[in-house]
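An overview of the molecular structure
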Amino acid sequence: MTTIAIPDDSLFGLDNLPYGVFSTPGSARRVGVRVGDSVVDLAVALGEDVFAGRSLNGFMAQGQQRWVAVRERILDLVSGDVPDDAVHPAGEVTMHLPFEVADYVDFYASEHHATNLGRLFRPGAEPLMPNWKHLPVGYHGRAGTVVVSGTGIVRPQGQRKSPDEQQPSFGESRRLDIEAEVGFVVGTGSAMGTAVSCEDFARHVFGAVLVNDWSARDIQAWEYVPLGPFLGKSFATSVSAWVVPMLALESARTANPPQDPQPLPYLRERQPWGLDIELAVEWNGQEVSRPQYRDMYWSPAQMLAHLTANGASSRTGDLFASGTVSGPEKHQRGAFIELTWGGKEPVDVNGEERTFLRDGDEVNISATAPGPGSARIGFGEVRGRVVPATDTAG
Ligand code: MN
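The following refers to the structure shown.

Parameters at a glance
Residues numbered from 1 in each chain as written. Predicted model: local features only at pLDDT ≥ 70, side-chain atom pairs only at ≥ 80, totals over all residues. Heavy atoms only, no water. Core = buried A, V, L, I, M, F, W, Y, C linked by side-chain atoms within 4.5 Å. Buried < 20%, exposed > 50% of the residue type's maximum accessible area, 1.4 Å probe, protein only. Contact = heavy atoms within 4.5 Å. Donors = N, O, S within 2.8 Å, 3.2 Å for Na, K, Ca; no water. Helix = DSSP H or I, 4+ residues; strand = E, 2+ residues; numbered from the N terminus. 1 Å grid on protein atoms, 1.4 Å probe; cavity = no way out; pocket = protein on both sides within 12 Å on 5 of 7 lines; lining within 4 Å. Points joined across faces, edges and corners; volume = space filled by probe spheres on them. Pairing = 2+ DSSP bridges.

What follows covers the nonpolar core. One finds Phe184, Leu249, Tyr293 and Phe320 to be the most contacted residues of the largest nonpolar core, which totals 57 residues. Sequence-distant contacts of tyrosine 293, defined by excluding residues within four places in its chain, comprise Val182, Phe184, Leu275, Ile277, Leu279, Pro300, Met303, Ser322 and Val325. Ala45, Val82, Phe99 and Ala143 belong to the second-largest nonpolar core, a separate cluster that totals 38 residues.

Here is the structure:
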């Protein structure tokens, strides 16, 4: 038997217990929980088939009562002795995409980000569209290209036309960017023809991940009017390997910023789902930004209420992301297009002036949130390196 040692300052203490999918050399994927610097194999430790699968979807679909009960069992288990063959050093396992992504929606919930992007994409016009403070604006992304942290990101190619060019051309994106976001994973879905109220959020949403919504700004700027982002976003979206249960984020709950005008009744929350999550963005190992999730205008409960308000169903494995997390200060901007103001104000990265991503660049987004007492809840990281474009027909 093994007693798992947890350092006092661990971001993966007993108040966190995030879930992921891992493998060891020669073995199949299964569900594990992160405890300190160890991964506990739940298929072995709890002896349930639902944890022997390749994703969290089976467990997530079992619903909130099971999420609570299993969390209590895990807490009991890892507070005592764990069978030796269920414990692996975190550094020796391979992490995989933790859930099978059903649908993927990306919102645009930061007022600071939406205002900055409005100024950059539509200079001279009102930066926020008239709908923005009445509904959480979003678009449907591509579920099939959501990848786990550590996956290489092939530089996208596509049509782009800068304002000084007469005609569009096809080629590699010259303005490849990131968006630092928080994503929410639906555990139990809702039927077509029904809506999920803000109060029902915790019954449906299993956990949260970090998201990097890689964005080709030149492709996006040329294609997005009038139907929104498409190929400028769909080539890859990275998520962190550990899904932090919403049950671990109770101490992180906070009020939303004031909402004026008051939203319509279906978007009003009795118990606000603002979250005090601190993100950090590193570019080639150097921290360039510290966005604060608590600045987000729309809460995740409002996002889910909105995306089901028309009777659209939701499913186990649905991922909806917040949109870029940006604050009022320059060092709180979660996308490089904002941080460098469209490339006009380069930032220093390891002594070099940088604007958009070059091949070989690596971006790492990490985050923590308050837990009970002085504990911190870690989200781990979402990391990705840009690899050169592959040859396709132009
Ligand atoms: Mn985004």
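Taken together, Asp106 (OD), Glu179 (OE), Glu181 (OE) and Asp213 (OD) make up the protein donors of the manganese ion, found 2.1 Å from the metal. Binding-site remark: the manganese ion is held by donors from one chain whose sequence spacing is D-x72-E-x1-E-x31-D. Taken together, the residues aspartate 106 in strand β8 (residues 104-107) and glutamate 179 in the loop between β14 (176-177) and β15 (180-186) connect sequence positions 73 residues apart. The exposure class of aspartate 106 is buried, given its relative accessible area of 1%. Looking at glutamate 179, the relative accessible area reads 4%, which means it is buried.

Time to look at empty space enclosed by the protein. Vacant regions in the atomic arrangement are exposed by a probe of water-molecule size rolled over the atoms. Applying the stated criterion to the full structure yields 1 cavity of 30 Å³ or more. Empty space within the largest cavity amounts to approximately 40 Å³. Around the largest cavity, the lining residues are Thr254, Ala255, Asn256, Pro257, Gly274, Leu275, Tyr293, Arg294, Met296, Trp298, Ser299 and Pro300.

With respect to burial, strand β16 (residues 205-212) is a largely interior element, 8 of its 8 residues being buried. The sheet contact formed by β15 and β16 spans 7 bridges and is antiparallel. In the strand pairing of β16, glutamate 181 is matched with valine 211. Note that β16 and strand β19 (residues 244-245) share 2 bridges and pair antiparallel. Residue alanine 208 lies in a different strand from β19, and its bridge partner there is valine 244.

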